[in-house]
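# Observations on chain architecture
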Amino acid sequence: MEVKCFHCGLDVPKGSQFEALVMGQQKTFCCPGCLAVAESIVENGLEDYYHYRSEFADKASEDSQDILEKLSIFDDDLILSEFVGKNNNAHEIQLTISGINCAACGWLIEKQLAKLKGIMQIAVNVSARRATVSWDSNLLQLSTILKHIENIGYHGKPFQPEQHEASYKQENQAFLKKLGLAGLMTMQVMMLNIGVFFDLFGHIDAQTKQYFNWVSLLLSTPVLMYSASGFYAGAIRALKARTVNMDVPVSIALSLTYLSSVLATLQNNGQTYFESLCMFVFLLLISRYLEHGARYKASQLSANMLEYMPTMANLVENKQLRPVLAKSLKLEQLVFVKAGDLVPIDGVIIEGKGQLNEAMLTGEFELVSKTKGESVYAGTVNQLGTLTIQVTSVLKHSVLNQINQLQNQALANKPKIAGLADRFSQYFVAAVLVISAITYLVWSQIDAEEALWHMIAVLIATCPCALGLATPSALSCAVAHLNSKGVLLKRADALEQISTVDWIGFDKTGTLTEGKFSLAKWVNISDKTEDFCFQIAACLEQYSEHPIARAFDGIKRPYPVENVSSVIGKGLKGTINNIEYKLGSDSYMKHSIPLSMEACNVFLESDTELLCGFTLTDRIRSSTAGIVEGFNSKKVTLISGDGEATVSSVAKTLNIPNWLSKHSPEEKLAVIKHAQSHGHTVLMVGDGINDAPVLAQADVSVTLGVSSDLAKSSADIVLLDNSLDKINLVFNIARRCKNKIKQNIGWAIGYNILVLPLAVSGVLTPWMAVIGMSLSSLIVVINSIRLLK
């Protein structure tokens, strides 16, 4: 048989002595060049090259540096720009991790990667088989992270939706193969042994029974070596990391059953348990397969944004349409969107009008009319009309992609109860091993023939798989439900805090009101014309991002402004024709406000006199009607920088009992701190524009809309459709999620406490233990999936 060079794939000459240890195995090479390159690859920690290559390398030259330069592509910023997010030296990537079987696998990966110097955060989503990794690029390279994942027996690669789906299908096929082999062999071995047990073949002599034992051994060995290989792989990974997981007691139980049966067969003395071994593996695999499918369903629902991720776009070039990849679009390019097509990119309509379905962002299925000058978002569907769009953001930085990334980050932040459950399961596994050993010793004195059997029942029955699934399965389903309703969670652990909120603060402008101001009236007390006052105000407001500034759009701006500066929550000032003007609230003015202007909420003054006062009105959002009614047991406060008359009017309209006016951002922050110092858990709702410090200080914060940079928002929760009534939904889901987690953990712990004495006393047989453990895990997953309804 011809031997191929491990590096280049060419035939190895007879008598070749060129060998090296690569990936833990002795590999053969055709020449000194290939050998030198392979050794250099190994020495530089770049063995991942051999994992990811799709074809053999060219035959190596004497210069091994050539191949090392090729391998450096793993850490090339240009290549990884599609996958890696950057914030100064902090890099972040999503990885698809294959080989994950249960929650303990996620815990093991997190624990091992956390040891690497430079890792800032590692969070594994077991349900989705994904990991979000943040690291300091000055201290660590991505290839090192991937290599470390390989070293503990898993396989990581940058997450891509289509590859992730292929990975799931591959794992599913492997499950079915192992399950099929175990099922087939179980039937065959059971047929042989049932005949012996029940004397179906008449009197069978000792020689025939021994023959049946050898046949059973032959049939059972592939079940242990292949079908049960996943349990052993998980156990070995855990032991290498000097810890224990759920696979350890299962592997011990299977090994003891097999070895005792082999010993009985070799000695032709004692009872064999080959049929039980095959049945154990078969039932365990059924449990893992069903659990695998349920977790995948939950992860797909929680990652439903991926199905809206555009792939193709019609690029407008020289009045011609050219199909291109959506991810290749660049800023200011023009894209044509036909009726029925996905909008491929974030942009502004420059021609045409359409009716768009934005349900994937807002959860609302009513069509939204869009015309020239309005923004559209990648992943929405243009149902009617045609649009020409100018690209304002590349696909990687689109709102859709931000939502997907933030949703995965949310699942990375585990509640405290999840950490407690993970630690408890580790100690519980260790305790199970000790209890099983004691069970064996005690039963050896009572009934030696049953001792092994009872120990195996203890090992299998008390495996805490359900406990490991209790929290992540519930969180995934809760996040999926909220996401489908147009609510984006940036921290899943915020759900835990929401259930304890007893103090709620609302900003007014842009939150309770639409933030679309209009000029209702004005009072001019100067000798300047009204047009002059309006033009000065418009010139100043063009430098403001506050919604009030939009009320002055459309007014001529004939004067250049110099030395513009602003004070958040008060107003702004600038110099026009060597005169300094101020525009803002009454507290920003240095001149006193006369009674004739008491109804005004925005004022204009020069450095010598007060000029004019403006009354701006803002409509209350329709979604705020009755919102306070759902917060009867909580203290609700409206906090605004506007004047007393305006704030009191809004508070009275919405039946908000407590309100505070003329509060600067610093004063709002002080209110939040004061509430927290008195033992309140605070939820703050703001527009995310001027309220960043307040939102960051609150225990839980909520903001509105998709127009701002979601990744930079200080809020924990984003209401994508600006519907404040969704806050009640968040409280409801938080309460249900907390209850589900408690139910899951209670069930998992209760089940183990119940079955442990039954297994120790011999009432629970091993096959009963397998079924009980499988049902326990499935009950937890199914209970969590109820959160999707």
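Scroll up a little and you will see the structure.
The rules behind these values
Residues numbered from 1 in each chain as written. Predicted model: local features only at pLDDT ≥ 70, side-chain atom pairs only at ≥ 80, totals over all residues. Heavy atoms only, no water. Helix = DSSP H or I, 4+ residues; strand = E, 2+ residues; numbered from the N terminus. Areas by Shrake-Rupley, 256 points an atom, 1.4 Å probe, with all protein chains shown as cover. Axes fitted to C-alpha atoms, helices over the stretch in contact; angles between N-to-C directions. Parallel < 35°, antiparallel > 145°, perpendicular 65-115°, else oblique. Left-handed = near helix turned anticlockwise from the far one by under 90°. Contact = heavy atoms within 4.5 Å. Pairing = 2+ DSSP bridges. Expected span 1.5 Å × (residues − 1). Buried < 20%, exposed > 50% of the residue type's maximum accessible area, 1.4 Å probe, protein only. Salt bridge = Lys/Arg side-chain N within 4 Å of Asp/Glu carboxyl O.

### A closer look at the overall build of the protein
Counting its secondary structure elements, the protein contains 24 helices and 27 strands. About 36100 Å² of surface is accessible on the protein, with carbon and sulfur atoms providing 55% of the total.

### Remarks on the environment of Asn125
With respect to the secondary-structure elements, Asn125 resides in strand E5 (residues 119-125). Spatially, the C-alpha atoms of Asn125 and Ser473 are 9.7 Å apart, while their sequence positions differ by 348 residues.

### Side note on the packing of helix H8 (residues 206-227) against helix H10 (residues 247-267)
Direction vectors running N to C along H8 and H10 enclose 150 degrees, while the axes themselves pass 10 Å from each other. The orientation of H8 relative to H10 falls into the category roughly antiparallel. Pair H8 / H10 crosses with left-handed handedness. In contact with Gln210, Asn213, Trp214, Leu217, Thr221 and Leu224 of H8, H10 contributes Leu254, Tyr258, Val262, Thr265 and Leu266.

### Quick word on the sheet that holds strand E21 (residues 602-606)
With antiparallel pairing, the six strands of this open sheet are ordered in space as E17-E22-E21-E20-E19-E18. Each having just a single partner strand, strand E17 (513-524) and strand E18 (562-567) make up the two edges of the open sheet. Strand after strand, the sheet turns through a mean of 20 degrees between neighbouring axes, direction not considered. Taken together, the six bridges between strand E19 (residues 571-576) and strand E20 (residues 579-584) define a ladder with antiparallel strand orientation. Bridge pairing in E20 places Ile576 opposite Ile579. Seen against the sheet, helix H19 (residues 530-541) touches E17, E19, E20, E21 and strand E22 (610-620) and runs at an angle of roughly 80 degrees to E20.

### Some words on H19
Spanning twelve residues, H19 covers 16 Å between terminal C-alpha atoms, matching the ideal 16 Å at 1.5 Å per step. The element H19 is largely enclosed, with a buried count of ten among its twelve residues. Phe532, Cys533, Phe534, Gln535, Ile536, Ala537, Ala538, Cys539, Leu540 and Glu541 are the residues of H19 that are buried. In this fold, the buried residues of H19 make contact with E17, E19, E20, E21 and E22.

### Some words on the pattern of salt bridges
On inspection of all chains with the given rule, the structure shows six salt bridges. One salt bridge in this structure joins Asp11 and Lys4, with 2.7 Å as the shortest N-O distance. In this structure Lys4 comes out as partly exposed when scored by relative accessible area, which is 44%. The residue Asp507 makes a salt bridge to Lys668 at a minimum N-O spacing of 3.1 Å. With Asp507 in strand E16 (residues 503-507) and Lys668 in helix H21 (residues 665-677), this residue pair connects regions lying 161 residues apart in the sequence. Comparing Asp507 with Lys668 shows no difference in burial state: the two are buried. Through salt bridges with shared partners, a single ionic network connects Arg550, Asp553 and Arg557.

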